[in-house]
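Fold and geometry: a report
One letter stands for each residue in the lines below.
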Amino acid sequence: MSHNHHYDAVVLGGGTAGELVATGLARAGRDVALVESRLVGGESPYFACVPSKSLLLSARRGESWEMALARRDALAGNRGDDPAVARMAEDGVTVLRGRGQVLDHGRIEVDGAVHGFGDLVVCTGSEPVIPPVEGLADVPLWTSSEALSVPDLPRRLVILGGGPVGCELAQVYAAFGSQVAVVEASGRLLTAEAPFAGEVLADALRRMGVDLRLGTAVADAERKDVGLRLWLTDGGTLDADRVLAAAGRRPRVEGLGLENLGIDITPGQGIPVDETCRVPCGAGGVWAAGDVTGVARTTHAARYQAQVALSNLLGHRREADYRAIPRVVYTTPTVYSVGISPRQAEELGIDLLTAGYDLAATARSAVEADERGRVELYADPTRGLLVGAAAAGLHAEEWMSEIALAIRAETPLSLLADVVHAFPTHGESVEAPLRELAGRL
Ligand SMILES: Cc1cc2nc3c(=O)[nH]c(=O)nc-3n(C[C@H](O)[C@H](O)[C@H](O)COP(=O)(O)OP(=O)(O)OC[C@H]3O[C@@H](n4cnc5c(N)ncnc54)[C@H](O)[C@@H]3O)c2cc1C
Ligand SMILES: NC(=O)c1ccc[n+]([C@@H]2O[C@H](COP(=O)([O-])OP(=O)(O)OC[C@H]3O[C@@H](n4cnc5c(N)ncnc54)[C@H](O)[C@@H]3O)[C@@H](O)[C@H]2O)c1
């Protein structure tokens, strides 16, 4: 085994989080290597956020499948990472291609070569969960990566899971003409979010012809001469040409050699990090950011954690605050959630005060000729503060940002209730619920 260079820091995994940390360290003058086994840039630009948002927009615009594919692939850089690698080189980051595995503190092996490091930053992301269903391995199966990178448009598609991935891709494939069914084990879509949000989305998907099978799961799968058949636990069956597993993702923590640093790894669970994104372990100098931490699995959360880790690595103490990280499903209508959800409040024993407003009552809805949607705001009466919100409505990802700021800044409700919104906007919809909450507290 050859022994190579000693780096001030090695960043393991070159996705959103890894790129940001590596670039920041190099710009600060550190000698840094980024270890990446697949594509520098990770999931988001090539297989996740960018291609899915591109297809959703093409669907909304009524483009043809061919146009949508051309646009998707161009935005995803045709899944080539030369520009990203060139950017790394410009910033002074050494890119080490290959699978990295930590040998002990200070040494990592990358495809047979050993490199030394001072600090280690683990940014290995997450991987899709394939439900343990009898026969599923024998049928044509996609994960979101294939669904967002191959050119096929299946005639009949069954999606396992009605979370953000399942809902976004159900809308995409239904819009372009696939016959889509979604099997969701819990009783509703977007289980983690406010119930009304899942209902608004279910209505939108049903109107597009999506067959929603809620409160049931797939028990068995079998390949047929043409396509496949799924048997559901409620006794139903579904025939399809392809199955898409959208049943969640798990932090990628195995096979990285982290146990050699004394880090307690539990398969399926994130690497534990403290508020500075440091991994508490005997070895010291180990950090983690992004999906691998299991804290908040979005690109903006990965960037936030990467910035926190970077700051601390450079000696400027910074603590992460996760109270107002938005969770967005970019369907039409958008589902936007931030802060505490009603389900989390129940788990935490918080008795939320809720005030809501239907978007149909705004002039903007009349202008848009689209009356779908609602906003709900949640306050914690014991603290007298806004702690969460959910909205389902056109472009809610844009006009709900002020609520994220209000939660993060702990802005008094009396002040929020005095904010004036432009007319006619969807943003006006938060005024009445804010006044109501301010009056009740
Ligand atoms: C279909 C889909 C749509 C999404 N849409 C959105 C969205 O619209 N907005 C949003 O905010 N989030 C979205 N997300 C979530 C978002 O993609 C992730 O939160 C984000 O990519 C996480 O970034 P990361 O840096 O933690 O991991 P990744 O981007 O996954 O990067 C990890 C990298 O580590 C590499 N790696 C792993 N192990 C090793 C190893 N041993 N050696 C070398 N390299 C290794 C991998 O190859 C990978 O490149 C979506 C996810 C999916 C699946
Ligand atoms: N716009 C975004 O920000 C965006 C978009 C897509 C994904 N993501 C991220 O990607 C992650 C993964 O998303 P996801 O939707 O795959 O996961 P998820 O965990 O959010 O949802 C998975 C759903 O599948 C259901 N399920 C699990 N096993 C099942 C089975 N055997 N049969 C039927 N249903 C089953 C679960 O009940 C759950 O509702 C999320 O954490 C999310 O943050 C973000």
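Here, the structure is the one placed above.
So, a few notes on the structure that sits alongside this text. Note that the structure is predicted; figures quoted are calculated from it, not measured.

Next up on the list: helix H7 (residues 164-175). Along its twelve residues, H7 runs 17 Å from first to last C-alpha, staying within 8% of the 16 Å computed at 1.5 Å per residue. The element H7 is extensively covered by neighbouring structure, given that twelve of its twelve residues are classed as buried. Turning to H7, its buried residues are Pro164, Val165, Gly166, Cys167, Glu168, Leu169, Ala170, Gln171, Val172, Tyr173, Ala174 and Ala175. Backbone geometry just downstream of H7 places Gly177 in the positive-phi region, at approximately 110 degrees.

Before going further, it helps to examine the site of ligand 1. Taken together, 37 residues form the shell around ligand 1, and within it Gly13, Gly15, Gly42, Gly125 and Gly290 come nearest. Here the shell around ligand 1 is built from residues that sort into twelve nonpolar, 17 polar and eight charged.

As a further point, take the site of ligand 2. Taken together, 25 residues form the shell around ligand 2, and within it Pro131, Gly161, Gly163, Ala247 and Gly248 come nearest. Elements represented by at least two residues in the shell around ligand 2 include exactly H7, strand E10 (179-184) and strand E18 (327-329). Sort the elements by how many residues they give to the shell around ligand 2 and H7 lands first, with four residues. Per-class residue counts for the shell around ligand 2 are 13 nonpolar, eight polar and four charged. Formed jointly, the shell around ligand 2 draws a minimum of three residues from each of two domains, domain 2 (136-247) and domain 3 (327-440).

Turning our eyes to something else, we now look at unusual backbone geometry. A cis amide bond links Thr332 with the next residue in sequence, Pro333, at an omega value of 0 degrees. Here Pro333 shows up in the loop between E18 and strand E19 (334-339). For the bond from Phe423 to Pro424, the omega torsion is -5 degrees, close enough to zero to count as cis. Looking at the element boundaries, Pro424 is found in the loop between helix H14 (413-416) and helix H15 (431-440). Although it is not a glycine, Arg79 adopts a positive phi angle of roughly 55 degrees. Its location among the elements puts Arg79 in the loop between helix H4 (65-75) and helix H5 (82-91). Here the phi dihedral of Ala369 falls at roughly 55 degrees; this positive angle occurs in a residue that is not glycine. The residue Ala369 is located in the loop between helix H11 (363-368) and strand E21 (374-380) in this model. Take Ala369: there are 6 C-beta atoms within 10 Å of it, and that puts it in the exposed class.

On to the sheet that holds strand E13 (residues 228-232). In space, the three strands of this open sheet follow the order E12-E13-E14, with antiparallel pairing throughout. Of all strands in the sheet, those bounded by a partner on one side alone are strand E12 (218-223) and strand E14 (237-240). In this sheet, adjacent strand axes meet at a mean angle of 20 degrees when their direction is disregarded. When E12 meets E13, the two strands line up antiparallel, connected through five bridges. Looking at E13, one finds that Ala221 is bridged to Leu230.

On to the sheet that holds strand E22 (residues 385-393), then. One open sheet holds the five strands; their spatial order is E18-E19-E22-E21-E20, and the pairing between them is antiparallel. Unpaired on one side and paired on the other, E18 and strand E20 (353-358) mark the two borders of the sheet. On average, each strand axis in the sheet is tilted by 10 degrees relative to the strand beside it, whichever way the strands run. Across the sheet, helix H8 (residues 195-207) touches E19, E21 and E22, and the angle it forms with E22 is around 10 degrees.

The next subject is the packing of helix H3 (residues 49-61) against H7. One can describe the packing of H3 onto H7 by two numbers: an axis separation of 9 Å at closest approach and a directional angle of 45 degrees. One way to sum up the angle between H3 and H7 is to call them oblique. Crossing of H3 over H7 shows left-handed handedness. In this structure, H3 uses Ser52, Leu55, Leu56 and Ala59 to contact H7, whose residues at the interface are Glu168, Gln171, Val172 and Ala175. Grouping the amino acids of the contact of H3 with H7 by side-chain chemistry returns five nonpolar, two polar and one charged.

Criteria and thresholds
- Residues numbered from 1 in each chain as written.
- Chains lettered and ligands numbered in written order.
- Predicted model: local features only at pLDDT ≥ 70, side-chain atom pairs only at ≥ 80, totals over all residues.
- Helix = DSSP H or I, 4+ residues; strand = E, 2+ residues; numbered from the N terminus.
- Expected span 1.5 Å × (residues − 1).
- Buried ≥ 20, exposed ≤ 12 C-beta atoms within 10 Å, placed from the backbone.
- Near = placed C-beta within 6 Å.
- Nonpolar A, V, L, I, M, F, W, Y, C, P; charged D, E, K, R; others polar.
- Domains from an automatic or database assignment.
- Pairing = 2+ DSSP bridges.
- Axes fitted to C-alpha atoms, helices over the stretch in contact; angles between N-to-C directions.
- Contact = placed C-beta atoms within 7 Å.
- Parallel < 35°, antiparallel > 145°, perpendicular 65-115°, else oblique.
- Left-handed = near helix turned anticlockwise from the far one by under 90°.

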